[in-house]
Structure formats: C-alpha cells, structure tokens
Amino acid sequence: MVDYHAANNQSAGGVQTYMEQENDWDRDLLLDPAWEKQQRKTFTAWCNSHLRKAGTQIENIEEDFRDGLKLMLLLEVISGERLPKPERGKMRVHKINNVNKALDFIASKGVKLVSIGAEEIVDGNTKMTLGMIWTIILRFAIQDISVEETSAKEGLLLWCQRKTAPYKNVNVQNFHISWKDGLAFNALIHRHRPDLIDYDSLRKDDPVTNLNNAFEVAEKHLDIPKMLDAEDIVGTLRPDEKAIMTYVSCFYHAFSGAQKAETAANRICKVLAVNQENEQMMEDYEKLASDLLEWIRRTIPWLENRTQEKTVKDLQAKQEDFRDYRTVHKPPKVQEKCQLEISFNTLQTKLRLSNRPAFMPSEGRMVSDINLAWLSLEGAEKGYEEWILSEIRRLERLEHLAEKFHQKAAIHESWTDGKEAMLTQKDYETSTLSEVKALLRKHEAFESDLAAHQDRVEQIAAIAQELNELDYYDAASVNARCQKICEQWDSLGSLTQRRKESLERTEKQLETIDELYLEYAKRAAPFNNWMEGAMEDLQDMFIVHNIEEIQGLITAHEQFKSTLPEANKEREAIQAIQAEVQKIAQSNGIKLSGANPYTTITPQSIDSKWEKAMAMVPQRDNALQDELNKQNSNDSLRATFAAQANTVGAYIQAKMEEIGRISIEMNGTLEDQLTNLKEYQKSILSYMPEINKLEGYHQHIQEALIFDNQYTSYTMEHLRVGWEQLLTTIARTINEVENQILTRDAKGISQEQLYEYRASFNHFDKDHSGGLKAEEFKACLISLGYDVENDKQGDAEFNRIMGIVDPNSTGTVTFQAFIDFMSRETTDTDTADQVIASFKILAGDKNFITADELRRELPPDQAEYCIARMAPYTGPDAVPGALDYMSFSTALYGESDL
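The model shown is predicted, which means the values in this text are computed figures rather than measured ones.

Conventions used here
Residues take numbers from 1 onward in each chain, read along the sequence in its written order. With the structure being a predicted model, the display of local features is reserved for residues of pLDDT at least 70 and the display and counting of side-chain atom pairs for 80 or more, all residues being used for whole-chain, interface and lining totals. Note that water and hydrogens are dropped before the side-chain values are worked out from all heavy atoms of the structure. What counts as a helix is a DSSP run of H or I of at least four residues, what counts as a strand is a run of E of at least two, and both are numbered from the N terminus. Three exposure classes are used, based on accessible area relative to the maximum for each residue type with a 1.4 Å probe and protein chains only: buried under 20%, partly exposed in between, and exposed over 50%. Contacts: residue pairs with any heavy atoms within 4.5 Å of one another. Residue exposure ignores everything except the shown protein chains as possible cover, and the areas themselves are Shrake-Rupley values with a 1.4 Å probe. In this description, a line fitted to the C-alpha atoms serves as the axis of each element, helices being fitted only across the stretch in contact, and the angle between N-to-C directions of two axes falls anywhere from 0 to 180 degrees. Throughout this description, any angle smaller than 35 degrees is read as roughly parallel, any larger than 145 degrees as roughly antiparallel, any in the 65 to 115 degree range as roughly perpendicular, and the remainder as oblique. With the far helix as reference, a near helix turned anticlockwise by less than a right angle produces a left-handed crossing, and one turned clockwise produces a right-handed crossing. Nonpolar cores were defined as sets of buried Ala, Val, Leu, Ile, Met, Phe, Trp, Tyr and Cys residues, with membership established by side-chain atoms within 4.5 Å. In this analysis, the protein atoms alone were mapped onto a 1 Å grid. Cavities are point sets where a 1.4 Å probe fits without being able to get out; pockets are open sets with protein on both sides within 12 Å along at least five of seven lines; lining residues have an atom within 4 Å of a point. Grid points are joined across faces, edges and corners, and a volume is the space filled by probe spheres set on the points. Residue classes follow a fixed rule: Ala, Val, Leu, Ile, Met, Phe, Trp, Tyr, Cys and Pro count as nonpolar, while Asp, Glu, Lys and Arg count as charged, and any other residue, Gly among them, counts as polar. On a scale of 0 to 100, pLDDT captures the predictor's confidence in every residue. A carboxyl oxygen of Asp or Glu within 4 Å of a side-chain nitrogen of Lys or Arg is what we treat as a salt bridge. A pair of aromatic rings is counted whenever rings of Phe, Tyr or Trp (Trp by its six-membered ring) have centres within 6.5 Å, and the orientation is called stacked for planes under 30 degrees apart, edge-to-face for over 60 and tilted otherwise. For a ring to carry a charge above it, either NZ of a lysine or CZ of an arginine must fall within 6 Å of the ring centroid while also lying within 35 degrees of the normal to the ring plane. By this rule the span expected of a helix is its residue count minus one, scaled by 1.5 Å. Here a polar contact is recorded for every N or O atom pair within 3.5 Å, except that within protein the pair must consist of a potential hydrogen donor and a potential acceptor, and residues adjacent in sequence are included only if both atoms are side-chain atoms. Defined by distance alone, a disulfide is two cysteine sulfur atoms within 2.5 Å.

**Q** Explain the overall build of the chain residue by residue, including any values.
**A** Scanning the chain from N- to C-terminus turns up 31 helices and 6 strands. The buried share of the chain, reckoned over its 898 residues, is 46%. A sequence separation of at least 24 residues applies to 75% of the contacts in the chain between residues at least 6 apart. Taken as a whole, the chain presents about 45200 Å² of accessible surface, with 50% of it coming from carbon and sulfur.

**Q** Residue-level account of the packing of helix α25 (residues 774–783) against helix α26 (residues 792–805), with values.
**A** Following both chains from N to C, one finds α25 and α26 inclined at 110°, their axes separated by 11 Å at the closest point. In this view, α25 runs roughly perpendicular relative to α26, as classed from their interaxial angle. Both α25 and α26 take part in a crossing whose hand is right-handed. The segment α25 lies against α26, with A774, F777, K778 and L781 engaging D795, F798, I801, M802 and V805.

**Q** An account of the nonpolar core is needed here, citing residue identities and associated values.
**A** For soluble globular proteins, nonpolar side chains are generally found buried alongside one another. W46, I136, W179, F185 and F251 are the most contacted members of the largest nonpolar core, which has 78 residues in total. Contact partners of W46, with chain neighbours within four places excluded, come to L74, I78, I136, I137, A141, M227, T246 and C250. By size, the runner-up hydrophobic cluster in this structure holds 47 residues, among which are A645, L677, A704 and F821.

**Q** Account for the layout of surface pockets, naming residues and giving values.
**A** Roughly 1300 Å³ of volume is contained in the second largest pocket. For the second largest pocket, the lining is made up of 38 residues, of which N345, R352, T814, Q816 and A817 are closest to its centre. The set of elements that each furnish at least two residues to the lining of the second largest pocket consists of α12 (312–353), α13 (367–416), α20 (603–665), α23 (716–747), α26, β4 (812–814) and α27 (815–826). The residue inventory of the lining of the second largest pocket, partitioned by class, reads 12 nonpolar, 18 polar and 8 charged.

**Q** Hey, could you go over the side chain of Q702 for me, with residue numbers and the actual values?
**A** Turning to its location among the elements, Q702 is positioned in helix α22 (residues 688–703). Beyond its immediate stretch of four places on either side in the chain, Q702 contacts Q319, R323 and E385.

**Q** Now, about the confidence of the model for the chain: what can you tell me, with residues and values included?
**A** Per-residue pLDDT for the chain has a mean of 81; in total, 89% of the residues score no lower than 70. The model gives residues 1–30 a pLDDT under 50, and that stretch makes 51 contacts with residues more than four places away or in other chains. Below pLDDT 50 for its whole length, residues 509–513 participates in 17 contacts with residues either more than four positions away or in separate chains.

**Q** Residues and numbers for the pattern of salt bridges, please.
**A** For the structure shown, the criterion picks out 52 salt bridges. For R193, the salt bridge identified is with D195, shortest N-O distance 3.1 Å. Residue classification places R193 among the partly exposed positions, given a relative accessible area of 31%. A salt bridge links R323 to E320; the nearest nitrogen and oxygen atoms lie 2.5 Å apart. Remark: E320 and R323 occur in helix α12; sequence separation between them is 3 residues, near one turn of the helix.

**Q** Describe in detail the packing of aromatic side chains, supporting the description with residues and values.
**A** Aromatic ring pairs are defined here through the distance separating the ring centres and the angle between the ring planes. Evaluated as defined, the whole model comprises 29 aromatic pairs. Seen from their ring centres, W415 and W489 are 6.2 Å apart, and the 40° between their planes marks the pair as tilted. With W415 in helix α13 and W489 in helix α16 (residues 475–505), this residue pair connects regions lying 74 residues apart in the sequence. On the basis of relative accessibility, which here comes to 10%, the residue W415 falls in the buried class. It is K778 that lies over the ring of F798; its NZ or CZ is 4.8 Å from the centre.

**Q** An account of helix α6 (residues 126–142) is requested, with residue identities and associated values reported.
**A** Note that an α-helix has 3.6 residues per turn; residues three or four places apart therefore point the same way. With 17 residues, α6 extends 22 Å between its outermost C-alpha atoms, agreeing within 8% with the 24 Å of an ideal straight helix rising 1.5 Å per residue. Within α6, 17 of the 17 residues are buried, which leaves it mostly tucked inside the rest of the structure. N-cap assignment for α6: the residue whose side-chain oxygen lies 3.0 Å from the backbone N of K127 is N125.

**Q** So what about the packing of helix α3 (residues 69–79) against helix α4 (residues 92–108)? Which residues, and what values?
**A** Describing two packed helices takes the angle between their axes plus the distance from one axis to the other. Here α3 crosses α4 at 25°, and the two axes come no closer than 8 Å. Compared by their axis directions, α3 and α4 come out roughly parallel. In this structure, the crossing between α3 and α4 has a hand that is left-handed. Residue-level inspection shows L69, L71, M72, L75 and S79 of α3 in contact with α4, the latter providing N98, V99, K101, A102, F105 and I106. Across the contact of α3 with α4, the residue classes tally to 8 nonpolar, 2 polar and 1 charged.

**Q** Account for the state of the cysteines, naming residues and giving values.
**A** Counted under the stated rule, the structure contains 0 disulfides. The thiol of C486 is not disulfide-bonded; the next cysteine sulfur, from C482, is found 4.1 Å away. Taking the relative accessible area as the measure of exposure, C486 reaches 25% and is therefore partly exposed.

**Q** Explain the environment of K655 to me, using residue names and the numbers behind them.
**A** As for its placement among the helices and strands, K655 is situated in helix α20. Along the chain, K655 and W723 lie 68 residues apart, while their C-alpha atoms are 10.0 Å from each other. K655 has contacts with Y680 and L726, leaving out every residue within four places of it along the chain.

**Q** Which residues make up the environment of R571, and what are the values?
**A** Mapping R571 onto the fold places it in helix α19 (residues 564–588). Between the alpha carbons of R571 and D607 there is a distance of 8.2 Å; along the sequence they are 36 residues apart. If we skip the residues at most four places from it in the chain, R571 touches F527, I606, D607 and W610.

**Q** An account of unusual backbone geometry is needed here, citing residue identities and associated values.
**A** One non-glycine residue, N169, lies in positive phi territory at about 65°. With a phi close to 60°, D223 is a non-glycine residue in the positive phi region. Look at D223 and you get exposed, because its relative accessible area is 54%.

**Q** Run through the environment of E776, naming residues and quoting values.
**A** For E776, the location among the structural elements is in helix α25. The buried category is assigned to E776, whose relative accessible area is 18%. Along the chain, E776 and V813 lie 37 residues apart, while their C-alpha atoms are 9.4 Å from each other. With near-sequence residues (within four places) excluded, E776 lies in contact with F764, K766 and G771.

This is the structure:
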C-alpha cells in the first residue's frame, strides 16, 4: 500500500510535530487484544458523542465507516465546516471516493496520514480504522489543549497533574497505569464539581467502584458518555493510552467550557447589575419629577385664584397664607428641584460610562419641562403677590370711600329731613302780607341753602360711582341710598320751584320785610354751610404712604387755621346783626313774634357749631402729628431693610463671581476639590441667618403696608431668586466634580490626565465662560495632538468630533462633554457584541438560549430579569421555549428597543 497522502502534505512537515510519535503506526505491529477492545469501545463512544448531534450513531466502528458517509458527517460535526457532497452509490469506487474526500479534508488541516489509505478503510481494516479515528481525535480534541506553552499530550498531562495535585493517593504521570485505581478520574470531577463526588469516601483498594462511580457521574451530570469499562482497565496490566487520553480530553473540554460559561455569566451579571441600577435611578427620577410637577400643578391654580375679599383683614389673612407658602412649603420643593437636576446629571454620566444610551424621561418630565413649569410657578407667584398688594390698596381705598360716602349721606339726609314737608305746606294762604313776604324771603334763603348743598350731592354721587368702579362688595346698598338721595334732591328742586312760583303770585301783597332778618339769613346760611364743610374736613379720614404726603396735609391744615380769625370776624358780624334786630325792636317797641322768619339758623346754633369746630382743630392737629410719627417710623423701617438688603445683595453677587472663578481655577485632586467645594457650600449655608433676618425686616415692611423704598434697588423677590441661584450653582458645581470622579474611576483616567485636560480647556477658554467655541475647541484638540487642521480630512474629523461633544449643535463645548470625549477616546467599555458572545457561550454555541440555561448559569434575580425581557427566538433552528439573546443584548446598549 502506498503512502496515500504523503505527497500532498510536504509543506506541513513542521506543523504537527506533536503527532510525530503518534503517527508511527507500524502496519506489521498488531494491537494488543485488550488495547484493541478498549480503543474500539472508547473511539466508538467518542464518535457517537459527536454524531448524535446530527441525529445518528455507529454500532461497529470498522463497518459503519466503510462507505465514507458517516465518516464525512463526523468530520463536518466536529469541524463545523462543510465537506464536498458525498456520492450515494453502493459500488466500491463510490465508497473509496467518499473516504478519500474525508482523508483529503483531514490532510487539509495539516495532519500527516502515514500508511492509511481509503481502500483499507473500505475493506474494514480494524487497525487502520482505529488509527484514522485516533488521528482525528488528536487533531480535533487534543491538539488545541495548551497549558504553559505546552500543547497536545504534554499540555493535557500537565493540566491533569495540576488539577489532581491536592488529592491524596493521586499521582498522574502518564495516561495508562496512573488511572487504573479510578481516583484520578474522581479527583478531576471533584476539583471542578465538588457537589457531585464524596471523595473522602473513596478507597484506593476498590478501583472498580471508583472507576464506575466516576464514569456514572460523568455520564449523568457532565454529559460525557461512558467510553471505558472498569473491569477492562483493572484487568489490563497497562490500559490503552489512547483510550485514556480520548476519555480524559472529554473532561478537559467539559470543564474548560464551564469556566468559559462562568466568565460569560459574570460578564452578563455585571452588565445586568448596571442596567438594573440605572433602571432604578430612572424610576426614582420619574417619581420625583412626577411629584414635583403635580405639586406645581396644584399650586399654580391657588396662586392664580383672584377671589376678592370684602375687607382688608380678610385679605391680610391671605397674605399670611402666602407668606407661609414662601417660607415653609416652597423651600423643600426648591431642594427637590435641585436634587432632581443632580440625579438626572448623575444618571446620564453613569449611562455614558457604561456605554448605554442617554436617558429620555417620559413626555413632559424632562428637566427643561420642569424648569418651564417652575418658571410658570414663579410667574404665578409674582402675580399673586402683586395682586394681594394691589387688592390691599383697593380695599383701603374702598373702606375710606364708603366711610366718606355714609358720612356725607348722613349729613345730607339730616339736612333734607322735613324739607319736603316744609315745601309742600300752604301756610302762605292764611298769612298776612308781611308774613307772606317773610315766607318769600325765607324761601329765597332756602334756595341759597339748596344751591350750597348741590356740591355735596354731586360729591355723594361721585363717591358712589367710584365705589362701583372699584367693585365695592356692598355697592347695592350704596347705590340704593345714592338713588334715594338723588331722587329726593330732584323732588326738592321741583317742590322748591313750585313753592317759589306760589309765593311770587302773592308777592304783591307783601310790602315790608325786615332787612336785618334777611341780611342775617343771607350771611348766616353760607357761614353755617362753611362751618359744616370745615367740620367735615376736620373729621375727614386720610391715607398717606410717605412723609411728603402727610406734610402736605399738615400744610393744608395750617392754611385752614390761618383763615379762622377772619371767619371769627364774620361770625361776630352775623351775631351783631341779630343784636341790632333786638335793639331796634326794643327802641321802637316792636314785639317780635318769634324766630327769624327767613332762616332756621339761630345765633345759638352758629355759636354751638363754632365751638365744636374749634374743638376739632386740636384733634386734627393730634391726628396729623400721629400720622407724621407713623411715617417717620416707616421711613426707619425702609432704611433698616435697605441696609440689610444692600449687604445681602452684595454678598450674593460676590459669591456668584467667586464660584465662577473657583470652577475655572480649581487645583488639587478631584477629591480635594470636592471637599473644598462642600466646605465652601457649608460656609454659604451659614449665611442663612442673614437671609432670615432680612425676611423678618421684609415682614415688618409688609405689615406696615410700605410699598416703596427709595434707599435700595433690591427687592425681596430679587434677593430670594439670587439666593436660590447661588445655592443651585454651588450644588451644580459639586455635582460636576462628582461626575468627573465617576468618569475618572470608571474610565481609568489618571489625575495627571484630568489636570492636563483641565489646563488645556482653561487655556483656550479665553472669556472664562466655562465653555469653548468651535474654533477654541479645534485649537485645543490640535494642542492635544489631534489631526484637525484646515484641510478636507481634518475638517471631516473635526465635524465628527463636534457631533459627539455638541450633539444639539449649540456651538459651545462644555468641560463635562470634553472630559467624556477624551475618556471615550482613551478607554474601552463593554459592547453589545461582547455581551452577545458571552450569551453564545452560555447557550453552547446555539443562536438561542433557554430559561433553564439562564437559571443554571446566572443568579436567580438576574436570570428572571433576562427571561422577562427576552423575546421568543423565531429562527429556523428554534425549539419550544427558545429565547432571543441577540436582540436583548443590542437593546441593552440602545441599538434596539428593550
């Protein structure tokens, strides 16, 4: 028989040196019958362990490979490659051709087949068939075994020695007699699966029991078929080395696959743990955002409620509720909003570090949505505060006008009382001529008095109209009273006109009239009206808001007092007229019939009203002085608030500028920077008592109804916003440093690299804005060695980088985006392909995985996590319960929907 494949493999002479001694297969040397029996059984079981994957097996190793069909199928299964199409004919030439195709394939793998020809395999030569199978086992089961630069047989032997070294009574030196007592097989299993073997119960003097125990456990739990018989090994002086090596190689591949599965499971556990933590952070963010938006949604309608109150006291109760909202309810929500932004930034950083897609909150729950809702809240808050202040002014004005209306109405009604009856009486019909003349003069005086009261009626109507325009709550009763006064006034006008006409018809009968009475009446009526007006003015209520206004009232009052001497002279002149009447009557013996017929105003009433008016003057002095003192006190409150506000405002401005410098000029390690920033935050928070003191001053200002302050440009609202911005800015700066620490730790960036990145960034940040424009960023990249010069290739590379660091095309690159880019460029992360490869190992190279395999390889909670989220596998090789781990892995990294 010729060397069938020697000529085809001259170039592979040095490739398979590990097989040289094994290829010394002497045709003339017959196998030991015991060894042949062991090889036949072992090789048959080894072949069937692979052929069963194709749904077939062999019974007789020298007979079943004669036609070459199952031999080609075996090679396809163990190599994973397709062989040429076999010939299906039954003739000898067809069988030889099929076997030659198999031998050609073996030779193509660098195996030198010595003295093995297709004719001998077709003829069923047991020695040649076993030799060929051993060659296949060496190439496909033992060749790739490598331990510390040793391979094949030496590598497998070294692996066995290392795994069994800790076990007593085991000393593996070869692949024959070292395995006869069975302890080495049991030690291999116990080393990798101690739960399957009670090694301490085994006895060296009971080899059959030991061997059968190892074979049964391997077949039942490790999916290694039984390839040896315990009795054959024990009954043979020197067991067959090839049979032992074949069987032991199955243990190597079984346990090395388990190690790969454990590594794959650990990788998946790590990835799933990161994903579970991120999902929890997403749920926490969604809940906090939802709660904060719900609070804003419930609060804004309350702030937009413009239900009007009837009194200043009721409105001040609303103001107190608003103050509680500002000092008690809102501050915790400010902290929640700040924490929400920090949690969002931290989550996005963790997602970037774990190579996950960015987190997109539910619709309407983005940080920008919350900021927009917060702006609406602050707008409603500002509007509500302004409305309360304007309502207080309006109600004060209304109460003042209502009091003034009722006061003037009462005076007018008192004056009109009985006037209609007087105007409708027919007394002139039975009076004498002189009495009629007197009645006419009296009526003329009444008309003068009526004209004098016209102004008061117009004032009453004007006040009523203003009360209606200001939406006075009791406008109905005011309107009714005003309507009654106006209707009565119109009636008085009509009655007056008719009485005058009646008196004029009888005027010819009137001849004499007492001129003095007439003069008295004409002068007394205006004077009396002036006194009533003066008394109204002295009792008039006033509202002022500053010193200038009260000083104006005091000046007007002083001017009024300066007219009193002249008024007193007029009073004395009027009283002199009445005295002259008495003197004339006495001197002429005239008997006066009674009171002055032209007026009801008596000298006594004039004196009485004068005394009352004079008594009101000092009262008015005291009231004006009290108000002046009050305004002086209010001015002091303004000055106190202004002094504290100017101090706080300057402090906030200085700290904002200082934080800006700190964020650019921070030195030391990131941990030192974080510690310094937190200490700086603590020092700022220690300033809170000054803010509270200012709030106290502001409360005094509001309680005193002070609405302006010329001593400061700061308002409490501006300072509150500034303080909140200061706290938020320092919190954001701390969060930025924390995110840099996360980036450094996760990406393995050294402190020196961070310093270099920070120095480069600050160097090109010319305006210290905390961001780089496009040209500044390009210059920074060039300084770090990136090829982004102004040419076609450089522009393309720069546009690619800008798409990473500025995805929203704002034109500005932040320091955090710069750090993320540099860390991504210099470090490696897990990818979807790596996770898919890990799942493929767990699945035993299948394109799908089952729930049982996941539960066997992964911790329970993460196994159930995968089962719940993996889609069913629908490929052509799917089995019931198959799961698609590929789509699940890509979904973890945002390449598809999970």
